[in-house]
Amino acid sequence: MEPQSQNLKTAPFLTLGRFHISEDYGFLLPNPLRELPGHYHPWMEIASRLPQLIENHQLRAQVNEMPLLNCQFLTGYREWRLARLVLSFITMGYVWQDGETQPKEILPRNLALPFVEVSRKLGLPPILVHSDLVLANWATRNPGGPLEIRNLDTIVSFPGGESLRGFILVTVLVEKAAVPGIKALVQAVNAILQPSPDSLLQALQQLRVSIQDITGALGQMHDYVDPDIFYAVIRIFLSGWKDNPALPVGLVYEGVSKEPLSYSGGSAAQSTILHAFDEFLGIRHSKQSGISQRLGCRLLGKHFQYNMRLHFDPSQAASRLTRNENWNKHVWPSG
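On a predicted model such as this, the values are computed, not experimentally measured, just so you know. (Residues numbered from 1 in each chain as written. Predicted model: local features only at pLDDT ≥ 70, side-chain atom pairs only at ≥ 80, totals over all residues. Heavy atoms only, no water.)

1. What to know about the pattern of salt bridges
Selection criterion: Each salt bridge in this description consists of a side-chain nitrogen of Lys or Arg and a carboxyl oxygen of Asp or Glu lying within 4 Å of one another. Only protein chains enter the accessibility calculation, which uses a 1.4 Å probe; a residue whose area is less than 20% of its type maximum is buried, one above 50% is exposed, and one in between is partly exposed.
Inspection of every chain in the model, using the stated rule, returns 9 salt bridges. We note a salt bridge from Arg49 to Glu45, for which the minimum N-O separation is 2.7 Å. What makes Glu45 partly exposed here is its relative accessible area of 26%.

Have a look at this one:
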């Protein structure tokens, strides 16, 4: 036991900055950009009209005429994130423009090549995921105003109107409500390292309050999202091409691979906060868990490693949070 005690005393304190996590916004991208340099106007012009182009069945024609643009003029992390946001939305619209019965099986070179390039740069799979749909897809109408639905907008959208807007922005509020909980995780781990029982208790109480706030924020989904619209419209554009009978062999990324590639689509269950809290509390979801199945945990196990790899490395953080074998006894009393 002595070597382990020595390790705890000499271990560096945990900070959010070590994982590039914002003190104010958590896993949300702080102040996402809304415009790219002029060279990328063809992307932005299509993205700005995406819902209308999809509804009028004109998106594929527009994309086919789009020039192949080089990503070398993207500078800075936020420009790369916006480029990926735009290209991921265009990709999903291109594939699913005509619904689940007539998906496109080949992504054209002028879209596939830059999308794969920005995805590799950011360590993400070349498909729309939670870090695009939500974490990098929000903006305030009044920068000095509160972070609430009426003062928020999405940057890029699909068909789905106010229900899609509500789905994305309520999830943004869930991520924001998790920020005190994320800070509590850091405080709790450091309290174990010090050790400081009072600080640990305070952190666990703050985590409990944060989870309650997350639950409250999530409850707004009923006010802003029509479940029929979500199922009939929104869900389709979040669908991937892995284990999907509509695209049973996957999607060919022209110029990238001659063989189809398979990826699972975006899901709020990819949110890092779920995994951070579970790892911290030692929660494990069994294969028999109905909740686990509904959240799509088989998807999470495969894609969580990609999600936020540059912004946040979950493998490092989860390991750091759970490295102390005696941690669970502070959360779960024996007996």
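2. Here we look at helix 12 (residues 227-237)
Rule in force here: Numbering of helices and strands runs from the N terminus; a helix is a DSSP stretch of H or I covering at least four residues, while a strand is a stretch of E covering at least two. Here, the arc refers to the directions that run from the helix axis to the C-beta atoms. Within 3.5 Å is the distance limit for a polar contact, defined as a pair of N or O atoms, with the added protein rule that one can donate a hydrogen and the other accept it, and that residues adjacent in sequence qualify only through two side-chain atoms.
Within helix 12, the full set of buried residues consists of Ile234, Ile236 and Phe237. Projected down its long axis, helix 12 carries its buried residues within an arc of 165 degrees, all on one side. Summarising the geometry of helix 12, the exposed residues directed more than 90 degrees from the buried face are Pro227, Asp228 and Tyr231. At the N-terminal end of helix 12, a side-chain oxygen is found 2.8 Å from the backbone nitrogen of Asp228, two or three residues along, and the residue is Asp226.

3. A closer look at the packing of helix 10 (residues 197-218) against helix 13 (residues 272-281)
Stated formally: The convention used is that axes are lines fitted to C-alpha atoms, helices contributing only their stretch in contact, and that angles between N-to-C directions extend from 0 to 180 degrees. Here a crossing is called left-handed whenever its near helix is offset anticlockwise from the far helix by less than a right angle, and right-handed whenever the offset is clockwise. Note on contacts: a residue pair qualifies if any of its non-hydrogen atoms lie within 4.5 Å across the two residues. Amino acids are sorted into nonpolar (Ala, Val, Leu, Ile, Met, Phe, Trp, Tyr, Cys and Pro), charged (Asp, Glu, Lys and Arg) and polar (every other residue, Gly among them).
Interhelical geometry of helix 10 versus helix 13 gives an angle of 145 degrees and a closest axis separation of 13 Å. Crossing angle aside, the handedness with which helix 10 passes helix 13 is left-handed. Contacts between helix 10 and helix 13 involve Leu204, Leu207, Ile211 and Ile214 from the first element and Ile273, Phe277, Phe280 and Leu281 from the second. Grouping the amino acids of the contact of helix 10 with helix 13 by side-chain chemistry returns 8 nonpolar, no polar and no charged.

4. Observations regarding the packing of aromatic side chains
For any pair of aromatic rings, the description rests on two quantities: the centre-to-centre distance and the angle between the ring planes. Rules: Here a Phe, Tyr or Trp ring, Trp counted by its six-membered ring, pairs with any other such ring whose centre lies within 6.5 Å, and the pair is stacked when the planes are under 30 degrees apart, edge-to-face when over 60, and tilted otherwise.
Counted under the stated rule, the structure contains 6 aromatic pairs. Centroid distance Tyr40 to Trp43: 4.8 Å. Interplanar angle 35 degrees. Geometry classified as tilted. Of the two residues examined, Tyr40 and Trp43, each falls in the buried class. A ring pair is formed by Phe158 and Phe237, whose centres lie 5.1 Å apart and whose planes are at 15 degrees; its orientation type is stacked. Placement of the pair is Phe158 in the loop between strand 3 (152-153) and helix 8 (161-177) and Phe237 in helix 12, with a sequence separation of 79 residues.

5. Re the environment of Gly181
Along the chain, the position of Gly181 falls in helix 9 (residues 179-193). Put simply, Gly181 and Ala203 are 22 residues apart on the chain and 8.3 Å apart in space, counted from C-alpha to C-alpha. Excluding residues that lie within four positions of it along the chain, Gly181 makes contacts with Leu207, Ser210 and Phe277.

6. Quick notes on the nonpolar core
Using the following cut-off: Throughout this description, the term nonpolar core refers to a set of buried Ala, Val, Leu, Ile, Met, Phe, Trp, Tyr and Cys residues connected via side-chain atoms within 4.5 Å.
Among the nonpolar cores identified, the biggest contains 94 residues, and Trp43, Leu50, Phe158 and Trp241 are the most heavily contacted of them. Considering every element that reaches this core, the biggest residue donor is helix 5 (residues 77-96), with 12 residues.

7. Focus on the environment of Ile182
The residue Ile182 is located in helix 9 in this model. C-alpha of Ile182 to C-alpha of Ala276: the two residues are 94 residues apart in sequence and 7.9 Å apart in space. Apart from the residues within four sequence positions on either side, Ile182 is in contact with Leu16, Gly26, Phe27, Ile273 and Phe277.

8. Some points on unusual backbone geometry
Here the bond from Gln194 into Pro195 is cis, since omega is -15 degrees, no more than 30 degrees from zero. Summarising the element assignment, Pro195 is placed in the loop between helix 9 and helix 10. Look at Asp243: it is not a glycine, yet its phi comes out positive at around 55 degrees. In this fold, Asp243 is placed in the loop between helix 12 and strand 4 (252-253).

9. Observations regarding the confidence of the model for the chain
Our working rule: Each residue carries a pLDDT score, the predictor's confidence in it, ranging from 0 to 100.
With 81% of its residues at a pLDDT of 70 or more, the chain has an overall mean of 85. Throughout residues 1-10 the model reports pLDDT below 50, and contacts reaching past four residues in sequence, or to other chains, amount to 6 contacts. Below a pLDDT of 50 lies the segment residues 289-326, which in the model reaches 83 contacts outside its immediate sequence neighbourhood of four places, other chains included.

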